[in-house]
Amino acid sequence: MLPRDLKPEQFSSYPPEARKLALHYLGALQSLPLSFLPSLLREAIDYDYKFPAERRALEKELANWAGLSEDQKKQWVQGFTQISLSAQLERQDWVNNPSFFVEQLSAHLWATHQLDAFRKAAMEYADRLHAAVPPEPPPMPRLGITVIGQGAATHDEPLFRKLRPRGGYFAHVKFENGLQQLLDAVATRAKAHPIPYGHWYIDGGQSAQHDPSLTCVSYQALDPTRAAILRKIRTEKDTPGMGPEALRTTLARMTPAELGMDKDGDPVLQRFEVKLLTEGSGTQVFSTTFAQWAAREALRRAQPCTLLVRFAPRRKPTNDLLAANQEHADLDPAGSLIDGDFGAYYNWLNQQRLPGADQSSFLVWYEDHGEAVAIGPGMPQGTESASAPDLQQLLSWLS
Amino acid sequence: MTGRSQAVSPLELSRQLSHSRREFLRTAAGMALGGVLLRSSAFARAGVPPSKRKIIVITFGGGARDQETFAPEGQENIPHLMKELLPQSAFFTRVVNRGILGHYVATASLATGVYETINNFASLPPEHPTVFEYFRKQLKRPPSDAWVVAPSNGFNRIGESSNRSFGPGLGARVILPKHLLTAAVSQGRTDYEQLLRDNYETPFYAPELGGTEFELQQLEEILKVSVDDFKSHARTLSSPDELSVYIVRQLMRQVAPSLLWITMHDIDIAHAGAYSLYIDGIRRTDRLCAELWKLIQTEPEYAGKTTLFILPDFGRDSDEDAGGNGFQHHRTGDPLSRTTWLLALGEGVRKGVVYDRPMDSTDLVPTVGAMMGFSTSLAQGKPISELA
């Protein structure tokens, strides 16, 4: 089936808001090439469970496409129309299972050496969209904070090597009560600018006491969910005909209810958490990977104004990745410090990909130690300070 | 860095990467530029006759980026390559892999000289003849003269292709050390957990075997290692690649194949997203490459007549590409994940030279063929003129 053959009834299994959106833009969807449309539907089918920033971006993208002239549409997707697809791909149920189609499309692009052409087409489309529908600036300058090194007494190699050239390095920070100062700072921002999913606290271990105005995700709170996913993997992987791709598809379809999550919980946040564990690689096993990936996805999807990420020690690698009970797993604080250090760099990179990057600030701190790097419009780059501020003062110097 | 990165063509990015490697090696390692030297094929031909020559290929896998290896900030992770091997090597700075960036299919492509398109996660043989088949068929070599030591069950079909003119009976023998250890320790596997991890791209899966992998009883017959000794030694090792090198050592001493292919894979733990484990993998692979080079020089069957090739199968995603997650994967197909290097040393190789002309990773097989005296008619690549 091709996009031009789309009919309203084909969206009957979509969640209510997603169905409404698809039907509203049915004509626009019919005019997109098959090499592109399922990627858009993959976003649309989850519309009911998307964060406000994602919803607005999707709505604007569809409205923009619907408003283009026929000639403009041809220009916008010219690269995509030149991608050659197989009959097998065309036969797939890409309306109801767009993720599976996109996965198969990816394999097809690699095998037919069309990946570079697809990348070029995607980048050209994104550039046009960016120009036509500029991303929304944040309602307040963003602040990212990353706390690393919990439980690591010392380190062999210098910390923050990737981030020091971007801001000021402080070696004598007064760190007493440091985590609480940071949590208070993000709570103050959340109360001053109460934006849904605008202020986050992600913890790679057990979350500290925090203000309820923060959207909180923690590795430890998701222990039961992780255990349920690992049990599912253990069962499914021995099913005849099951392979890596099929397993991924099965996991991607899992819902919070199937995983025993609280029925009264926030459905948007729960879906986000399930995706972290079913679509992320390594998030089920290593808490440092979980924290980094959760931060990346929160930034990419929710585009928060404030994000505090705290890394915790991960377990040592073992062969039995499916062991759900990690109570007695050996921990690796020294390795986790290195993971967190590099994860902090990725947190900063991902924050700087968002609108308003030139006004954004970032702080990374070695927990319970005096080392930190502060990056922001008010902080000269590549400097080293002999001063001894506390973390609250340091934050105040950033903007 | 703010917002979007400047648009730079893939070709330009690849060239910049090559340039930075070349400039570094010229200034820091004191190597000469290959372009100013005489063509070295005469040099290559001057040594051991092809019939006596031995070739060992090590894939520095799976997937290491420049910034953690040959870029200035990465050199601390490869002290053995930098200080011991590089001064004795010809270094090719710009090897581009234009194929599918999955470890099995990419390694199969390296071994056939054709960009294979087989399913990376299926137990399938390459579709084009492997270097082992060309070698054995044309030079009439016995099965014992071509071996592959591979990390994962998914590599068990890499020794011979499905090509009708070659294929069954003409390929390399394949040892999967982890499979061997699993068979040897059918009970008490927890003692060997760190050695048995199979595959990092699909960590919850160990592919089913469907090939002619090395059987356990041959451990004693061919490698002259008792199962008990094997188990006992394995207990002292810390990674699958260390286990592979242990097997390689036995193979070189007991069988001394002329064509030996070793696929390293520890680095691919990067898929789990823990940077420290990725770096540990690179440092271990660096050390193991140096150990193998020392072994080549001390084993009478290999000393003075062996050419060693070390090359990654491909890189990993750039930090700058928003479509990926940096070092964790190799999914974007960006230029940095495709542009790697080749280090050649030993017999017939000019020492301390840097070549920065572009070449394909499929050029390896025709080069090996030219050095050993067989043709690789179905390979897409071209012999590297500086070596062959």
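Residues numbered from 1 in each chain as written. Chains lettered and ligands numbered in written order. Predicted model: local features only at pLDDT ≥ 70, side-chain atom pairs only at ≥ 80, totals over all residues. Heavy atoms only, no water.

## Things to note about the overall build of chain A
Step number 1: Helices and strands together make up the secondary structure of chain A, namely 16 helices and eight strands.
Step number 2: Relative to the 2.2 N^0.38 estimate, which gives 21 Å for 399 residues, the radius of gyration of chain A is 23 Å and therefore close to what a compact globule would have.
Step number 3: Of the roughly 17,300 Å² of accessible surface on chain A, 51% is carried by carbon and sulfur atoms.
Step number 4: Computing the positive centroid from 41 side-chain charges and the negative centroid from 47, chain A places the two 4 Å apart. (Helix = DSSP H or I, 4+ residues; strand = E, 2+ residues; numbered from the N terminus. Rg over C-alpha atoms; globule rule 2.2 N^0.38 Å. Areas by Shrake-Rupley, 256 points an atom, 1.4 Å probe, with all protein chains shown as cover. Lys, Arg positive; Asp, Glu negative; His and termini not counted. Charge placed at Lys NZ, Arg CZ, Asp CG, Glu CD.)

## Here's the deal with the overall build of chain B
Step number 1: Across its full length, chain B carries 13 helices and 10 strands.
Step number 2: Put simply, chain B has 388 residues, and 63% of those count as buried.
Step number 3: Considering only contacts within chain B whose residues lie at least 6 apart along the sequence, 75% involve residues at least 24 apart. (Buried < 20%, exposed > 50% of the residue type's maximum accessible area, 1.4 Å probe, protein only. Contact = heavy atoms within 4.5 Å.)

## Some remarks on unusual backbone geometry
Step number 1: The step from Gly61(B) to Gly62(B) runs through a cis peptide bond, and the omega angle for that step is -5°.
Step number 2: Within the fold, Gly62(B) resides in the loop between strand S2 (54-59) and helix H3 (79-85).
Step number 3: Unlike most non-glycine residues, His113(A) shows phi in positive territory, near 55°.
Step number 4: Following the sequence through the fold, His113(A) ends up in the loop between helix H8 (98-111) and helix H9 (115-132).
Step number 5: The phi angle at Lys224(B) is positive, at roughly 60°, despite the residue not being glycine.
Step number 6: Considering the arrangement of structural elements, one finds Lys224(B) in the loop between helix H8 (217-221) and helix H9 (227-234).

## Some details on the packing of aromatic side chains
Step number 1: Tallied over the entire structure, the rule returns 31 aromatic pairs over all chains.
Step number 2: Taking the centre distance of 5.7 Å and the plane angle of 75° together, the rings of Trp76(A) and Tyr125(A) count as edge-to-face. Of this pair, Trp76(A) sits in helix H5 (residues 70-76) while Tyr125(A) is found in helix H9, placing the two residues 49 residues apart along the sequence.
Step number 3: For Trp76(A), a relative accessible area of 9% puts it in the buried group.
Step number 4: Between Phe342(A) and Tyr345(A) the ring centres are 5.7 Å apart and the planes differ by 70°, which places this aromatic pair in the edge-to-face class. With Phe342(A) and Tyr345(A) both in helix H15 (residues 333-352) and three residues apart, this pair spans about one turn of that helix.
Step number 5: Judged by its relative accessible area of 7%, Phe342(A) is buried.
Step number 6: One aromatic cluster is present, built from ring pairs that chain together Phe342(A), Tyr345(A), Tyr346(A), Tyr275(B), Tyr278(B) and Phe327(B). (Phe/Tyr/Trp six-rings, centres within 6.5 Å; stacked < 30°, edge-to-face > 60°.)

## Brief notes about the interface of chain A and chain B
How large an interface is tends to be reported as the accessible area lost when its parts come together.
Step number 1: Every contact between the two is made by 48 residues of chain A and, on the other side, 52 residues of chain B.
Step number 2: The residue Arg283(B) makes a salt bridge to Glu157(A) at a minimum N-O spacing of 3.4 Å.
Step number 3: For the side of chain A that touches chain B, the elements supplying multiple residues, two or more each, are H8, H9, helix H11 (223-236), helix H12 (244-252), helix H14 (287-302) and H15 of chain A.
Step number 4: When residues of the side of chain A that touches chain B are assigned to their parent elements, the largest contribution, nine residues, is made by H15(A).
Step number 5: Grouping the constituent residues of the side of chain A that touches chain B by class yields 21 nonpolar, 12 polar and 15 charged. (Salt bridge = Lys/Arg side-chain N within 4 Å of Asp/Glu carboxyl O. Nonpolar A, V, L, I, M, F, W, Y, C, P; charged D, E, K, R; others polar.)

## Let's talk about the sheet that holds strand S2 (residues 168-170) of chain A
Residues and elements named next belong to chain A.
Step number 1: Pairing within the open sheet is mixed, and its eight strands lie in the order S4-S3-S5-S1-S6-S7-S2-S8. Every interior strand has two partners, whereas the edge strands, strand S4 (215-218) and strand S8 (383-385), have only one. Between one strand axis and the next, the sheet turns by 15° as a mean value, whatever way the strands run.
Step number 2: The strands touched by helix H13 (residues 267-279) within the sheet are strand S3 (199-203) and S4, with S4 carrying the most contacts at an inclination of about 30°. (Pairing = 2+ DSSP bridges. Axes fitted to C-alpha atoms, helices over the stretch in contact; angles between N-to-C directions.)

## Topic: the environment of Gln352(A)
Step number 1: Its location among the elements puts Gln352(A) in helix H15.
Step number 2: Distance in space between the C-alpha atoms of Gln352(A) and Gly144(A) is 9.9 Å, their sequence separation being 208 residues.

## Quick word on the confidence of the model for chain B
All names here are of chain B.
Step number 1: Chain-level pLDDT for chain B is 86 on average; 81% of the residues reach the 70-or-more range.
Step number 2: Segment residues 1-7 is flagged for pLDDT under 50; beyond a separation of four residues in sequence, or across chains, it makes 13 contacts in the model.
Step number 3: With a pTM of 0.91, the predicted complex shows an ipTM of 0.92. (pLDDT = per-residue confidence, 0-100.)

## So, the environment of Ser287(A)
Residue and element names in this part refer to chain A.
Step number 1: Relative to the helices and strands, Ser287 is located in helix H14.
Step number 2: The spacing of Ser287 and Ser336 is 49 residues in sequence and 8.8 Å in space, taken between C-alpha atoms.
Step number 3: Each residue touching Ser287, except ones within four places of it in the same chain, is listed here: Gly204, Tyr219, Ala312, Pro313 and Arg314.
Step number 4: Only 3.2 Å separates the side chain of Ser287 from the backbone oxygen of Pro313, close enough to count as a polar contact. (Polar contact = N/O pair within 3.5 Å; in protein donor to acceptor, adjacent residues only side chain to side chain.)

## Observations regarding the packing of helix H3 (residues 37-44) of chain A against helix H4 (residues 52-67) of chain A
Residues and elements named next belong to chain A.
Step number 1: For the pair H3 and H4, interaxial distance at closest approach is 11 Å and the crossing angle is 140°. On the basis of their axis angle, the class for H3 and H4 is oblique. The interaxial crossing formed by H3 with H4 has left-handed handedness. Each of Leu40, Glu43 and Ala44 in H3 lies in contact with H4, whose residues at this interface are Leu58, Glu61 and Leu62. (Parallel < 35°, antiparallel > 145°, perpendicular 65-115°, else oblique. Left-handed = near helix turned anticlockwise from the far one by under 90°.)

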